Amino acid sequence: MGRVSVEIETATLEAAFSADYYFSAPDSFRADIHGLLGTTAGAMISIGDSAVAYFPSKGTLFVAVGNPEEENPVLGLRFGFSDLMKAMIGFSGIGKEDSLVLFDSDGEIYELSFDRGPEMIRLEVLPTVWVPSSKQVFTKDGVSTLDIGYYDFIESEGSIRAKRIIITNPVRGEVVKMSIEKEYIGRKLPEGLFEIDVPDDIEIWKLTQGVHREKKTAY
């Protein structure tokens, strides 16, 4: 658990907010957000690749559905909430379907490249602690679609963590900067933390498409 400050820069948007966050392995994440959408406070929960965001004063529950390549109307990015959270935690995102095609080392950094069908993934890893220092995603014709850099590494309660993460979508000129202000590891989290209680008759909006979908009488 901890506190993170976030800055977003796009061609049409500049925004900043802070969030108290909670993470439970392997993939449950919650962020209590302050200062997004004006002064609106809200909560975002991501479990695996699914995510919801709830802003009580807006009376709206945003749900991650549809095409993940479409713009996220809450953040104004083509980054999903779950993608941002995985980047902050330092997940490599490498799975069994990814084929290792290159492994190299200069003694200070391990470089690993993976073939993922239409994409190539390049990781730089700090060998002494085995944590990523960068991740890049390319199309097969060499176009960079994602660049994640990790900086200012510290030891936090026995774990090596980056205090600063910069995520860039070079094609769209989108940049997300995250700075971890404080963090506590190994603390007991409250029961039900990764659930959101919402009122009846809440409006549900598609998170990725920003299109009004339906009203829900119970959730």
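The structure under discussion appears in the preceding block.
Values in this document were obtained by computation on a predicted structure and should not be read as measured data. (Residues numbered from 1 in each chain as written. Predicted model: local features only at pLDDT ≥ 70, side-chain atom pairs only at ≥ 80, totals over all residues. Heavy atoms only, no water.)

**Concerning the overall build of the protein chain**
- Looking only at helices and strands, the protein chain features one helix and 15 strands.
- Every one of the 219 residues in the protein chain was classed for burial, and the buried ones make up 41%.
- Considering only contacts in the protein chain between residues 6 or more positions apart, those separated by 24 or more positions represent 40%.
- With the model as given, the accessible surface of the protein chain reaches about 11,600 Å², and the carbon-plus-sulfur share is 50%. (Helix = DSSP H or I, 4+ residues; strand = E, 2+ residues; numbered from the N terminus. Buried < 20%, exposed > 50% of the residue type's maximum accessible area, 1.4 Å probe, protein only. Contact = heavy atoms within 4.5 Å. Areas by Shrake-Rupley, 256 points an atom, 1.4 Å probe, with all protein chains shown as cover.)

**Here we look at the side chain of Ser-133**
- The topology assignment puts Ser-133 in strand β10 (residues 131–139).
- Ser-133 gets classed as buried once you look at its relative accessible area, which sits at 13%.
- If we skip the residues at most four places from it in the chain, Ser-133 touches Ile-109, Glu-124, Val-125, Leu-126, Ile-148, Gly-149, Tyr-150 and Phe-153.

**Examining the environment of Gly-90**
- Relative to the helices and strands, Gly-90 resides in the loop between α1 (81–89) and β7 (99–105).
- On the accessibility criterion, Gly-90 (19% relative accessible area) is buried.
- Here the alpha-carbon distance between Gly-90 and Ile-148, two residues 58 residues apart in the chain, equals 9.7 Å.
- With near-sequence residues (within four places) excluded, Gly-90 lies in contact with Pro-132 and Tyr-150.

**Here's the deal with the environment of Thr-12**
- Looking at the element boundaries, Thr-12 is found in the loop between β1 (2–9) and β2 (14–24).
- Look at Thr-12 and you get exposed, because its relative accessible area is 78%.
- For the pair Thr-12 and Glu-174, spaced 162 residues apart in sequence, the C-alpha to C-alpha distance is 9.7 Å.

**Topic: the packing of aromatic side chains**
- Across all of its chains, the model carries four aromatic pairs by this definition.
- Their ring planes at 10° and their centres at 6.0 Å tell us that Tyr-21 and Phe-29 sit as a pair that is stacked. A single burial state applies to Tyr-21 and to Phe-29, both of which are buried.
- Aromatic side chains Phe-23 and Phe-91 sit 5.8 Å apart centroid to centroid with 65° between the ring planes, which places their arrangement in the edge-to-face category. Note that Phe-23 is positioned in strand β2 and Phe-91 in the loop between α1 and β7, a separation of 68 residues in sequence. (Phe/Tyr/Trp six-rings, centres within 6.5 Å; stacked < 30°, edge-to-face > 60°.)

**Focus on the layout of surface pockets**
- Considering only enclosed or pocket space, the second largest pocket measures out at about 580 Å³ in volume.
- As for the second largest pocket, its lining consists of 28 residues, and the residues nearest its centre are Ile-89, Gly-90, Phe-91, Val-131 and Arg-161.
- When contributions to the lining of the second largest pocket are tallied by element, the ones reaching two or more residues are β2, β8 (110–116), β9 (119–126), β10, β11 (144–156) and β12 (159–169).
- Per-element accounting of the lining of the second largest pocket gives the leading share, four residues, to β12.
- A class-by-class count of the residues in the lining of the second largest pocket yields 20 nonpolar, five polar and three charged. (1 Å grid on protein atoms, 1.4 Å probe; cavity = no way out; pocket = protein on both sides within 12 Å on 5 of 7 lines; lining within 4 Å. Points joined across faces, edges and corners; volume = space filled by probe spheres on them. Nonpolar A, V, L, I, M, F, W, Y, C, P; charged D, E, K, R; others polar.)

**Concerning the pattern of salt bridges**
- Enumeration according to the criterion identifies ten salt bridges in this entry.
- Among the salt bridges present, the one from Glu-9 reaches Lys-177, with a minimum N-O distance of 3.7 Å. Note that Glu-9 is positioned in strand β1 and Lys-177 in strand β13 (residues 174–183), a separation of 168 residues in sequence.
- For the salt bridge of Asp-152 with Arg-164, the shortest nitrogen-to-oxygen distance reads 3.3 Å. Highlighted residues: Asp-152 in strand β11 and Arg-164 in strand β12, separated in sequence by twelve residues.
- In this structure, a network of salt bridges that share partners links the residues Glu-111, Arg-122 and Glu-124. (Salt bridge = Lys/Arg side-chain N within 4 Å of Asp/Glu carboxyl O.)

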